[in-house]
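Each chain is listed here by its residues.
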Amino acid sequence: MKKTISIIVILLGFTIAFGQTADSTYSVSTDFKHIIFYAVSDSNSDYYYPKLEEKAKNNKAGLTTTDCYYLYYGRLFKNEHKGLPFLASPERMDFDKALAKSNCKKIINIGVPLLENNPVDLTVLLHTCKCLNDKKDDRWEDYNSLLTNLLNAIFSEGTGQSPETAIKVVDIEDEHILKGVLGFIGGTESLHKSENLPGRVFNVWSKGGQKLYFEELFFEDIEGMELK
């Protein structure tokens, strides 16, 4: 995994210095989720979720970082994010098997359709992007653009240096991709509660005196909100 992530970050030309300061606009609270929800559920909004999904399918290079911000965090309110979102589909399980065997042909053949349904699955997107580049596939530029903008969008919400600047993820698996992008490989994992942020729990990775904070967001925090 370390080798793969290092390669893809070089290909992306995407650099994040560990310890940088983010321009974080929102805190994770009911207000944060209301802001996201109303932006992606209003058909008159530039960030109406069906519009963003259509753009992700047909015009990936046209997506801005702000588009990707709402595309990523708006995923919280999709129907399939309810219940047991951590259960992998058969197609995703096949993707993981192809990934374990480093079978780029299968990774692309399975990954591209998976991304049509969920363009913000960072694991699928990163490895599909890498394989497209390895195969010199013309689609690489579009997927590379999507991945770069998604990373920029996520890191705009936090650097992970403290609970207050925790990196906010909609899927706990995304932590491993984001750790790699930051060059934070390995480490031990623990849960952390902050007295300054009651009711919120953070996943903390520790290594050599450094700590990286993540906060997984959950649909269940706001009842009755979902995208049809």
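Starting afresh in each chain, residues are numbered from 1 along the sequence in its written order. For this predicted model, a pLDDT threshold of at least 70 governs which residues receive local features, and a threshold of 80 or more governs which side-chain atom pairs are given and counted, while totals over whole chains, interfaces and linings are taken from all residues. Values shown for side chains rest on all heavy atoms present in the structure; no hydrogens or waters enter the calculation.

*Asks:* Requested: an account of the sheet that holds strand β3 (residues 201-207), with residues and values cited.
*Replies:* Here, strands pair whenever DSSP counts at least two bridges between them. The helix and strand labels rest on DSSP assignments: H or I over at least four residues marks a helix, E over at least two residues marks a strand, and numbering proceeds from the N terminus. Here 4 strands make up an open sheet; going across it, the order is β1-β4-β3-β2 and the pairing mixed. The open sheet has two edge strands with one neighbour each: β1 (167-169) and β2 (188-193). The mean angle between the axes of side-by-side strands here comes to 35°, regardless of whether they run parallel or antiparallel. Interaxial angle, 0 to 180 degrees, is taken between N-to-C directions of lines fitted to C-alpha atoms, where a helix line uses only the stretch in contact.

*Asks:* So what's going on with the packing of aromatic side chains? Which residues, and what values?
*Replies:* Under the pairing criterion, centres of Phe, Tyr and Trp rings, with the six-membered ring standing for Trp, must be within 6.5 Å; the plane angle then separates stacked pairs below 30 degrees from edge-to-face pairs above 60, leaving the rest tilted. Considering all chains together, one arrives at 7 aromatic pairs under this definition. Taking the centre distance of 4.6 Å and the plane angle of 20° together, the rings of Tyr47 and Tyr70 count as stacked. Highlighted residues: Tyr47 in the loop between α2 (30-41) and α3 (49-58) and Tyr70 in helix α4 (residues 65-73), separated in sequence by 23 residues. Judged by relative accessible area, Tyr70 falls into the buried class, the value being 10%. Three or more aromatic residues link up through ring pairs in this structure, and these residues are Phe32, Tyr47, Tyr69, Tyr70, Tyr72 and Tyr73. When accessible area is computed with a 1.4 Å probe and restricted to protein chains, residues below 20% of their type maximum are described as buried, those above 50% as exposed, and intermediate ones as partly exposed.

*Asks:* Explain the nonpolar core residue by residue, including any values.
*Replies:* The biggest cluster of nonpolar side chains holds 55 residues, and the ones touching the most others in it are Leu71, Tyr72, Tyr73, Leu150, Ile167 and Leu178. Element by element, the count of residues in this core is highest for helix α8 (residues 140-155), at 9 residues. In this view, Tyr72 contacts Val120, Leu150, Ile154, Lys168, Val169, Val170, Asp171 and Asp174; residues no more than four positions away in its chain are not counted. If you look at the next biggest cluster of nonpolar residues, it comprises 5 residues, including Leu197, Phe202, Val204 and Tyr213. Remark: nonpolar core denotes a set of buried residues (Ala, Val, Leu, Ile, Met, Phe, Trp, Tyr, Cys) joined through side-chain atoms within 4.5 Å. It only takes one pair of heavy atoms within 4.5 Å for two residues to be counted as in contact.

*Asks:* Please set out unusual backbone geometry residue by residue, giving values where relevant.
*Replies:* Note: most peptide bonds trans; most residues except glycine with negative phi. A positive phi angle, close to 55°, is found at Ser102, a residue other than glycine. Of note, Ser102 is situated in the loop between α5 (90-100) and α6 (104-117). Residue classification places Ser102 among the exposed positions, given a relative accessible area of 59%.

*Asks:* Which residues make up the pairing of β2, and what values do they have?
*Replies:* Remark: a regular strand shows side chains that alternate across the two faces of the sheet. Counting buried positions along β2 gives 0 out of 6 residues, so the element sits mostly on the surface. Summarising the sheet, β2 and β3 pair through 6 bridges and their orientation is antiparallel. Paired with Thr188 across the bridge in β3 is Ser206.

*Asks:* So, the state of the cysteines: which residues are in play, and what are the values?
*Replies:* Only a pair of cysteine sulfur atoms within 2.5 Å counts as a disulfide in this structure description. All chains considered together, the criterion is met by 1 disulfide. Between the sulfur atoms of Cys104 and its disulfide mate Cys131 the distance is 2.2 Å. Measuring the twist about the S-S bond at about -75°, one finds the Cys104-Cys131 disulfide to be left-handed. One end of the pair, Cys104, is in helix α6; the other, Cys131, is in helix α7 (residues 122-134), and 27 residues separate them in sequence. Here Cys104 matches Cys131 in class, with each residue buried. The structure places no disulfide on Cys129, whose sulfur is separated from the nearest cysteine sulfur, that of Cys131, by 9.6 Å.

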